[in-house]
Amino acid sequence: MSIRPYRDVVRRKSRRVMVGNVPVGGDSPITVQTMTNTLTADAAATIAQIRRCEEAGVDIVRVSCPDEESTRALPAIVKASRVPIVADIHFHYKRAIEAADAGAACLRINPGNIGSAERVREVVKAARDHGCSMRIGVNAGSLEKDLLEKYGEPCPEAMVESALDHARILQDHDFHDFKISVKASDVFLAVAAYQQLADACDYPLHIGVTEAGGLRTGTVKSSIGLGALLWAGIGDTIRVSLSAEPEEEVRVGFELLKALNLRHRGVNIISCPSCARQQYDVIRTVEALEKRVAHITTPMTVSVIGCVVNGPGEARETDIGFTGGGNGTHQVYVAGVPHHRLKDADIVEHLATMIERKAAEIEAAKSSADKVAAE
């Protein structure tokens, strides 16, 4: 039993599939995905974008393959990428076969949309021959005509029926290495569809609120939808869909997982909104500090609070704490204990240096522990 059961998230039990060397589902960590928005045929531009996403911590990257030029560029992209590549396929079964041949780790495809049973059989064979998994991707904006006629509009029941119909096609070919998504731009619809799908099968679920909007709007909508699902234990891999650069999707995805204590990466800065009691410019300090320590991947928590009302209490729960004090002299805490005082001018660089030093200590301790465990 956890000592803080109110923080516990009990994840839905799902089977595990592999996306390249990255496990999805089961008891594997929830992975963060994004999708490139360059022309896939422009391998150099696509690789450069993937590299920025890798630096942000992405686990899996999807690229669209609408034509032969795209699949021809795929081998170079796959070779250059440090993370598994998912090929996004719509309608044309040959693109799926070409993508599998090119080294894609996963095919995003709806089997019912690519034609005859023979074509499906060819795609399944290509996936099996090349060790590809698949993702069945249902979207409220492109539901099958017969389901729209049956239900009258996109609804959770229609989306789940579509997903299970597509899944059945793969199951009939004895192919089970797939995950499923049922995305919608409407938060209520997306959440309800995923809830129903989670009850209906044990396949891993790729969750997201599609077409969520720009950076701010999309982050809010995704936080509501994905947050509700993840808190309920639903979701094995996530994508935050934003009209923004892909690396921003990755950053928001990790912040979501960090907030729910599901993944830990980088510095988690706890900061106050500031008020008339602040003893230094909290907002500008936090902005500068976030940029300064963005390169650190080691998990740790830092509190940056404007005054002594909440500062000491927050510092007790963090690795490094900083609380504003009078006359431009502030208090620095280490592991919750007052450590030393600091004047205004040095705040950002001083804290950043402390954070970097602490990160190095954590990594050294981890390396030492791993070495002992291996002996």
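Scroll up for the structure.
Residues numbered from 1 in each chain as written. Predicted model: local features only at pLDDT ≥ 70, side-chain atom pairs only at ≥ 80, totals over all residues. Heavy atoms only, no water.

Participant: What's the story with the overall build of the protein chain in this structure? I'm lost.
Facilitator: In terms of helices and strands, the protein chain carries 12 helices and 15 strands. Its C-alpha atoms give the protein chain a radius of gyration of 23 Å, within 12% of the compact-globule value 21 Å for 375 residues. For the protein chain, the C-alpha atoms occupy an extent of roughly 75 × 45 × 40 Å along the three principal directions. Per-residue burial for the protein chain yields a buried fraction of 49% across its 375 residues. Partitioning the contacts of the protein chain with sequence separation of at least 6, the portion at a separation of at least 24 is 64%. Here the protein chain contributes 44 positive and 49 negative side-chain charges, whose respective centroids are spaced 3 Å apart. (Helix = DSSP H or I, 4+ residues; strand = E, 2+ residues; numbered from the N terminus. Rg over C-alpha atoms; globule rule 2.2 N^0.38 Å. Buried < 20%, exposed > 50% of the residue type's maximum accessible area, 1.4 Å probe, protein only. Contact = heavy atoms within 4.5 Å. Lys, Arg positive; Asp, Glu negative; His and termini not counted. Charge placed at Lys NZ, Arg CZ, Asp CG, Glu CD.)

Participant: Please clarify how the side chain of Lys179 should be interpreted in this entry.
Facilitator: One can find Lys179 in strand S8 (residues 178-183). Among buried charged residues, Lys179 stands out as having no salt bridge; its nearest opposite-charge side chain is Asp236, 9.9 Å away. In contact with Lys179, not counting residues within four places along its chain, are Val19, Val24, Gln33, Cys106, Met134, Arg135, Ile136, Pro204, His206 and Thr237. (Salt bridge = Lys/Arg side-chain N within 4 Å of Asp/Glu carboxyl O.)

Participant: How should the packing of helix H10 (residues 282-292) against helix H12 (residues 347-374) be read in this particular structure?
Facilitator: Interaxial distance between H10 and H12 falls to 10 Å at its minimum, and their mutual angle equals 35°. The handedness of the crossing between H10 and H12 is right-handed. Counted together, Thr285, Ala288, Leu289 and Arg292 of H10 and Ile347, Val348, Glu349, Leu351, Ala352, Ile355 and Glu356 of H12 form the full contact between these two elements. The residue inventory of the contact of H10 with H12, partitioned by class, reads seven nonpolar, one polar and three charged. (Axes fitted to C-alpha atoms, helices over the stretch in contact; angles between N-to-C directions. Left-handed = near helix turned anticlockwise from the far one by under 90°. Nonpolar A, V, L, I, M, F, W, Y, C, P; charged D, E, K, R; others polar.)

Participant: What exactly am I supposed to notice about the pattern of salt bridges here?
Facilitator: Close approach of charged atoms lets side chains of opposite charge pair. Throughout the structure, instances matching the rule amount to 21 salt bridges. Between Glu247 and Arg52 there is a salt bridge, and its shortest N-O distance comes to 3.2 Å. Within this pair, whereas Glu247 is found in helix H9 (residues 246-259), its partner Arg52 is found in helix H1 (residues 43-56), the two being separated by 195 residues in sequence. Residue Glu247 is classed as buried on the basis of its relative accessible area, which comes to 10%.

Participant: Is there a simple way to think about the pairing of strand S3 (residues 31-35) in this case?
Facilitator: The buried count for S3 comes to five of five residues, which makes it a mostly enclosed element. As judged from the three bridges shared by S3 and strand S10 (residues 237-239), these two strands associate in the parallel manner. Counted as the bridge partner of Val32 is Ile238 from S10. Where S3 lies against strand S4 (residues 60-64), three bridges are found, and the strand directions are parallel. Directly across from Met35, in S4, lies its bridge partner Arg62. In this fold, S3 hands off to H1, which returns the chain to S4; that crossover is right-handed. (Pairing = 2+ DSSP bridges. Right-handed = clockwise from strand over helix to strand, strands pointing away.)

Participant: Sorry if this is basic, but what is going on with the environment of Pro338 here?
Facilitator: Positionally, Pro338 belongs in strand S15 (residues 337-343). Other than its neighbours up to four places away in sequence, Pro338 contacts Gln331, Val332 and Tyr333.

Participant: I would appreciate a short explanation of the packing of aromatic side chains in the present structure.
Facilitator: The description of an aromatic ring pair uses the distance of the two centres, along with the angle that the planes make with each other. Evaluated as defined, the whole model comprises two aromatic pairs. On the numbers, 4.0 Å between centres and 20° between planes, the contact of Phe178 with Tyr203 is stacked. Here Phe178 is found in strand S8, whereas its partner Tyr203 is found in the loop between helix H7 (187-200) and strand S9 (206-207), with 25 residues between them in sequence. Taken together, a centroid distance of 5.2 Å and an interplanar angle of 70° make the contact between Tyr280 and Phe322 edge-to-face. One end of the pair, Tyr280, is in the loop between strand S11 (267-271) and H10; the other, Phe322, is in strand S13 (residues 320-323), and 42 residues separate them in sequence. Like Phe322, Tyr280 is buried. The ring of Tyr203 carries the charged tip of Arg15 above its face, separated from the ring centre by 4.3 Å. (Phe/Tyr/Trp six-rings, centres within 6.5 Å; stacked < 30°, edge-to-face > 60°. Lys NZ or Arg CZ within 6 Å of the ring centre and 35° of its normal.)

Participant: Would you mind showing me how to read helix H3 (residues 93-102) here?
Facilitator: For the α-helix, the turn length of 3.6 residues means that residues three or four positions removed from each other point alike. By the criterion of burial, H3 is predominantly enclosed, with seven of the 10 residues buried. If you check which residues of H3 are buried, you get Tyr93, Arg95, Ala96, Ile97, Ala99, Ala100 and Ala102. At its buried positions, H3 is contacted by helix H2 (68-80), strand S5 (85-88), strand S6 (106-108) and helix H4 (117-129). Residue Gly103 follows H3 closely and has a positive phi angle near 105°.

Participant: Help me understand the environment of Leu39 in this model?
Facilitator: Inspection of the secondary structure puts Leu39 in the loop between S3 and H1. Among the residues examined, Leu39 registers a relative accessible area of 68% and is labelled exposed.

Participant: Just checking my understanding: could you explain the sheet that holds S4 for this structure?
Facilitator: By way of backbone hydrogen bonds, the strands of a sheet pair with one another, either parallel or antiparallel. Taking strand neighbours across the sheet as the criterion, the eight strands line up as S8-S7-S6-S5-S4-S3-S10-S9 in an open arrangement whose pairing is parallel. Both edges of this open sheet fall to S8 and S9, since each of them pairs with a single strand only. Set on the sheet, helix H6 (residues 156-172) makes contact with strand S7 (133-139) and S8; between it and S7 the angle comes to about 155°. In this fold H7 packs onto S8 and S9, with an angle of close to 145° to the strand it touches most, S8.

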